[in-house]
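Examination of the molecular architecture
Single-letter residue listing:
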Amino acid sequence: MHGGVEITKRVWRAAQLRRMPLWIGGALPWLVIPSGPGLLAWAGWCALDWVKLRRRVAYEWPAWLDGAVPEMEDSAALLDAADTPIARLQQQRLFARLDAAVSRQQLRQIARQHVSSGLPILLVSAVLAGMVWYATTRPAQEGAVTPPSPVSSATAATLAGLTLKLAPPAYTGVAASTSAPGDLQVPEQTVVTWCLTGGTGGNNKIELGNGETLEPGEQCARWTATESVVWRWRGARHTLRVIPDAPPEITISAPTQMIQDLRDNATGTTMTVQIKDDYRITRATLHMTLAQGSGENVRFTDREMPLPASNNPKLRNWSKTWALSELAMEPGDELYFFVRATDNAGRAQTVQSPTYTVRRPALEQEAEEESAAMPSLVKPASLRSQRQIIIDTEQLIADMRSTKLAAADVRDRSERIGDDQAQLRRRYGQFLGEESTLFGEEAAKAPRAAEKPAEEEGHEGHDHAPGGHDHEHGEPNQRKGGIVNETQQILATYGHAHDEAENATMYDEGTKKVLRRVLVAMWDAEKSLRAITPKSALAPEHKALEAIKELQQAERIYLHKTAFTPPPIKEEKRMTGEMDGAASYRRTQVEQAAALPEELRTLVQALSGEAALPALWMRTANDWVRTRLVEDEQRLAAQRAIQDVADGCIACRPVLRAWLRSGAGQGQVLLQAKTSVDTAFARRWRESADGVAKP
């Protein structure tokens, strides 16, 4: 086995020596340019080629030896592994003659035969390196952006220097500074002053990327920084970035939810607020509104309190745990609060946080009275939706298939889903006037007692004489009938007949039909769930969901129709029957305005070639870039392109053209497109012309 490993290493060494000139020679053009990315790419290719060659040698070296060395007797594979006694005997014979049969010169010949030198790849690498070199040196040869020619030392001594003075607004608290020409970042509304030092000799014009030109002389040139610009002085280009004043940032970390329901035994609630600003917070207030009562007797109490400042003017952290008595919150009350903050900018920016709600639950008795008084407004927070019921049912069916659930667990989960379905059914039943639980449990049992079969009514309601049948349950039945009659009398006296769907006039008949379908489907689903057959409950659950969606869609259509307002008609036109001069009810499609100005179209067409640019093209380009390119990086790059084209760079025209087209937005790229009408006559004319031209 040792001999097999040794011969593999010898073959691999010979293959590497064969491939080494390619790996080294391909890197030489990239070293000459020089090009770091190109050299890195070539190194990556060499690593990949090395891995492929190693894998090839590992699999093919026995075949190479068998084809080149007859002494191997087509048994070179036995050098690596021999499983049988005969194979091991042949392996020993090969090991004995290996050194004499396979020499170093023979291995090199095998490598030359099976491993290519890679000369075409070497030529490709050299060509690519030449193309990269040509592309990087071409702009300099064409004079794209030619820097000013150097002057003699005697003339340079008389040229003036340039100094920038930055005066940020006073509200920022940033001190004024002096800087040499370079890339700078300044706050918004900073006054930038360019001053000459050491004389006024030379070309001292300062070209701003927005089209303005400043020329400092004996007096300094001033400019208020309202936007990021590229500026140039004596051929050197610099960037002046403007940092806009950010509005305050409000973070409310407690309560953690927009609507917080307090526990029944809660005694207080916590509010935690953090406000940040880039310079200073001048005012921060907490606004609270307490809602008390219910129905038409709701009263609101507003309260405003300032949040205290901290040692850091840019940050305010405030936290307080309120006692419910301090907030005057009673059971059933709701507290709404938000935070408002203002910074110290020149134009003060005021930010308001979202409104948070803190609810204190009402007492159980009051909640029942309220729900009984206004059944159509009851919306329990724990009420499940029909979609959630379907999801729970499908999950129960999947668990029953995949796991072995106990019968008690299946019954419990199915009954709980059935309870949720019953709650949802009662909620939608309220819209059809179902108020069977309005006067307690006995009133709820009364309709069910009236629905019993006739034979049961006759059995329970007939008069038992003392000498008749000896049933012990005669008196309880009489008492029960009396209670039912008494309950029905109370309902007839003090109630109203909304318990019948036909008397519920809240919706039209079409909506009632859909509601009946919803209730019937929910009844079927509830019966299947309580019968512990959740699989058969899925179909009616989906029917109920589809009907609910139909109701929602019908509601959208109804609201859309009621929102339409017809145009006004003159009084003298009313009731005359004449339609001349009356406004049309049909909406006409608004024609799209011209997407691009004509000056910009002309400029873009001129930039597509080497023709002369139109007059005042720089003003057109600067205005378009300032209004359409919002991001600073894009706007600065477009301003650099404008300056390059103004310097006579022909190769920079496509770059500027691309920026102008990108400002047009999606769908407006084909600026040179011309409309043409193609008719049947024109097509026939072209066909006939082609037929005449062919002969």
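This text gives an overview of the structure that appears in the document. (Residues numbered from 1 in each chain as written. Predicted model: local features only at pLDDT ≥ 70, side-chain atom pairs only at ≥ 80, totals over all residues. Heavy atoms only, no water.)

**Some words on the overall build of the chain**
When you go through the chain residue by residue, the secondary structure sums to 20 helices and 18 strands. Burial analysis of the chain (695 residues in total) assigns 31% to the buried set. Of the roughly 44500 Å² that the chain leaves accessible, carbon and sulfur atoms contribute 54%. (Helix = DSSP H or I, 4+ residues; strand = E, 2+ residues; numbered from the N terminus. Buried < 20%, exposed > 50% of the residue type's maximum accessible area, 1.4 Å probe, protein only. Areas by Shrake-Rupley, 256 points an atom, 1.4 Å probe, with all protein chains shown as cover.)

**Comments concerning the pattern of salt bridges**
If you walk through the whole model with that rule in mind, you get 22 salt bridges. We note a salt bridge from Arg241 to Glu633, for which the minimum N-O separation is 2.6 Å. Of this pair, Arg241 sits in strand E9 (residues 236–243) while Glu633 sits in helix H18 (residues 632–646), and the two are 392 residues apart along the sequence. Given the relative accessible area of 25%, Arg241 is considered partly exposed. (Salt bridge = Lys/Arg side-chain N within 4 Å of Asp/Glu carboxyl O.)

**Observations regarding a nonpolar patch on the surface**
A cluster of nonpolar side chains, namely Val124, Val127, Leu128 and Met131, defines an oily patch on the protein surface of about 370 Å² accessible area. Among the structural elements, Met131 can be located in helix H5 (residues 119–142). By relative accessible area, which is 52% here, Met131 ends up exposed. (Patch = residues over 30% accessible without salt bridge, like charges linked within 9 Å, V, L, I, M, F, W, Y side chains within 5 Å.)

**Thoughts on the sheet that holds strand E6 (residues 213–214)**
Taken in spatial order, the five strands line up as E3-E9-E8-E5-E6 in an open sheet, and their pairing is mixed. At either margin of the open sheet sits one strand with a lone partner, and together these are strand E3 (184–187) and E6. As judged from the three bridges shared by strand E5 (residues 206–208) and strand E8 (residues 229–233), these two strands associate in the antiparallel manner. If you follow Ile206 over to E8, its bridge partner there is Trp233. Contacts from H18 reach E5, E8 and E9 within the one sheet, and its direction differs from that of E9 by about 155 degrees. (Pairing = 2+ DSSP bridges. Contact = heavy atoms within 4.5 Å. Axes fitted to C-alpha atoms, helices over the stretch in contact; angles between N-to-C directions.)

**Quick look at the state of the cysteines**
Summed over all chains, the structure comprises two disulfides. The disulfide bridge from Cys195 ends at Cys220, spanning 1.9 Å between sulfur atoms. For the disulfide bridge between Cys195 and Cys220, the dihedral angle about the S-S bond is near 120 degrees, and by the sign convention the bridge is right-handed. Remark: Cys220 occurs in the loop between E6 and strand E7 (221–225) and Cys195 occurs in strand E4 (residues 190–197); sequence separation between them is 25 residues. The exposure class assigned to Cys195 is buried, which follows from its relative accessible area of 6%. The partly exposed category is assigned to Cys220, whose relative accessible area is 37%. Ordering the disulfide-forming cysteines of the chain by sequence position, one finds them joined as 1-2, 3-4. (Disulfide = S-S within 2.5 Å.)

**Let's talk about the packing of aromatic side chains**
Applying the stated criterion to the full structure yields six aromatic pairs. Summarising the aromatic geometry, the rings of Phe337 and Tyr356 are spaced 5.7 Å apart at their centres and angled 25 degrees between planes, so their arrangement reads as stacked. With Phe337 in strand E16 (residues 334–343) and Tyr356 in strand E18 (residues 356–359), this pair connects stretches of sequence that are 19 residues apart. A cation over a ring is seen here: Arg54 above Trp12, with NZ or CZ 5.0 Å from the ring centre. Across from the ring centre of Trp322, 3.8 Å away, lies the NZ or CZ of Lys320, which sits over that ring. (Phe/Tyr/Trp six-rings, centres within 6.5 Å; stacked < 30°, edge-to-face > 60°. Lys NZ or Arg CZ within 6 Å of the ring centre and 35° of its normal.)

**A few points about the sheet that holds strand E2 (residues 177–179)**
The sheet built from four strands is open, its strands ordered E2-E1-E4-E7 with antiparallel pairing. In the strand order of this sheet, the two ends are held by E2 and E7, each with one partner. Direction aside, the axes of adjacent strands within the sheet are offset by 25 degrees on average. Alignment of E4 against E7, held across five bridges, turns out to be antiparallel. The residue bridging Thr190 from the neighbouring strand is Ala225, located in E7.

**As for the environment of Leu515**
Within the secondary structure layout, Leu515 lies in helix H14 (residues 509–530). Overall, the relative accessible area of 3% leaves Leu515 in the buried class. Between the C-alpha atom of Leu515 and that of Leu551, which follows or precedes it by 36 residues, the distance is 8.0 Å.

**Things to note about the pairing of strand E1 (residues 161–167)**
Here E1 runs beside E4; their pairing, made up of seven bridges, is antiparallel. Its bridge partner lying in E4, Leu164 is registered against Trp194. In terms of strand pairing, E1 meets E2 through three bridges, oriented antiparallel. Opposite Leu164, over in E2, you have Ser179 as the bridge partner.

**Here we look at the side chain of Arg425**
Positionally, Arg425 belongs in helix H10 (residues 407–429). Residue classification places Arg425 among the buried positions, given a relative accessible area of 8%. A polar side-chain atom of Arg425 sits 2.9 Å from a polar atom in the side chain of Glu526. Those residues in contact with Arg425 that sit more than four places away from it in its chain are Leu519, Met522, Trp523 and Glu526. (Polar contact = N/O pair within 3.5 Å; in protein donor to acceptor, adjacent residues only side chain to side chain.)

**A closer look at unusual backbone geometry**
The amide bond that connects Ile33 to the next residue, Pro34, takes the cis arrangement and shows omega of -10 degrees. Between Ala254 and the following residue, Pro255, the backbone shows a cis peptide bond with an omega angle of 5 degrees. Inspection of the secondary structure puts Pro255 in the loop between strand E10 (249–254) and strand E11 (259–261). Backbone geometry at Arg234 places phi at a positive 55 degrees, although glycine is not the residue there. The topology assignment puts Arg234 in the loop between E8 and E9.

**Description of the packing of helix H2 (residues 36–68) against helix H4 (residues 104–114)**
At a closest axis distance of 11 Å, the pairing of H2 and H4 adopts a crossing angle of 115 degrees. Relative to H4, the element H2 is oriented roughly perpendicular. Of the two elements, H2 crosses H4, and the hand of that crossing is right-handed. In contact with Arg56, Trp64, Leu65 and Ala68 of H2, H4 contributes Gln106, Leu107, Ile110 and His114. Residue classes in the contact of H2 with H4 are distributed as five nonpolar, two polar and one charged. (Parallel < 35°, antiparallel > 145°, perpendicular 65-115°, else oblique. Left-handed = near helix turned anticlockwise from the far one by under 90°. Nonpolar A, V, L, I, M, F, W, Y, C, P; charged D, E, K, R; others polar.)

**Regarding the packing of H10 against H14**
Taken N-terminus to C-terminus, the directions of H10 and H14 make an angle of 160 degrees; their axes are 9 Å apart at the nearest point. Looking at the two axes, H10 sits roughly antiparallel to H14. Every pair of crossing elements has a handedness; the one defined by H10 and H14 is left-handed. Between H10 and H14, the residues in contact are Ser414, Glu415, Ile417, Gly418, Asp419, Gln421, Ala422, Leu424, Arg425, Tyr428 and Gly429 and Leu515, Val518, Leu519, Met522, Trp523, Ala525, Glu526, Leu529 and Arg530, respectively.

**What about helix H9 (residues 386–402)?**
Counted at 1.5 Å a residue, the expected span for H9 with its 17 residues is 24 Å, and the 24 Å between its end C-alpha atoms agrees. Looking only at H9, the buried set comprises Gln386, Ile389, Ile390, Asp392, Thr393, Leu396, Ile397 and Asp399. (Expected span 1.5 Å × (residues − 1).)

**With respect to the pairing of E16**
A large share of E16 lies buried, amounting to seven of its ten residues. With ten bridges connecting them, strand E13 (residues 281–292) and E16 associate as antiparallel partners. Within E16, the residue paired with His287 across the bridge is Phe338. Two strands pair when backbone bridges link them, and E16 and E18 are joined in this way by four bridges, in the antiparallel orientation. Bridging across to E18, Tyr336 finds its partner in Thr357. The sheet contact formed by E16 and strand E17 (residues 350–352) spans three bridges and is antiparallel. When the bridges of E17 are listed, Thr342 appears paired with Thr350. Between E16 and E17, which pair antiparallel one after the other, the connecting turn spans six residues.

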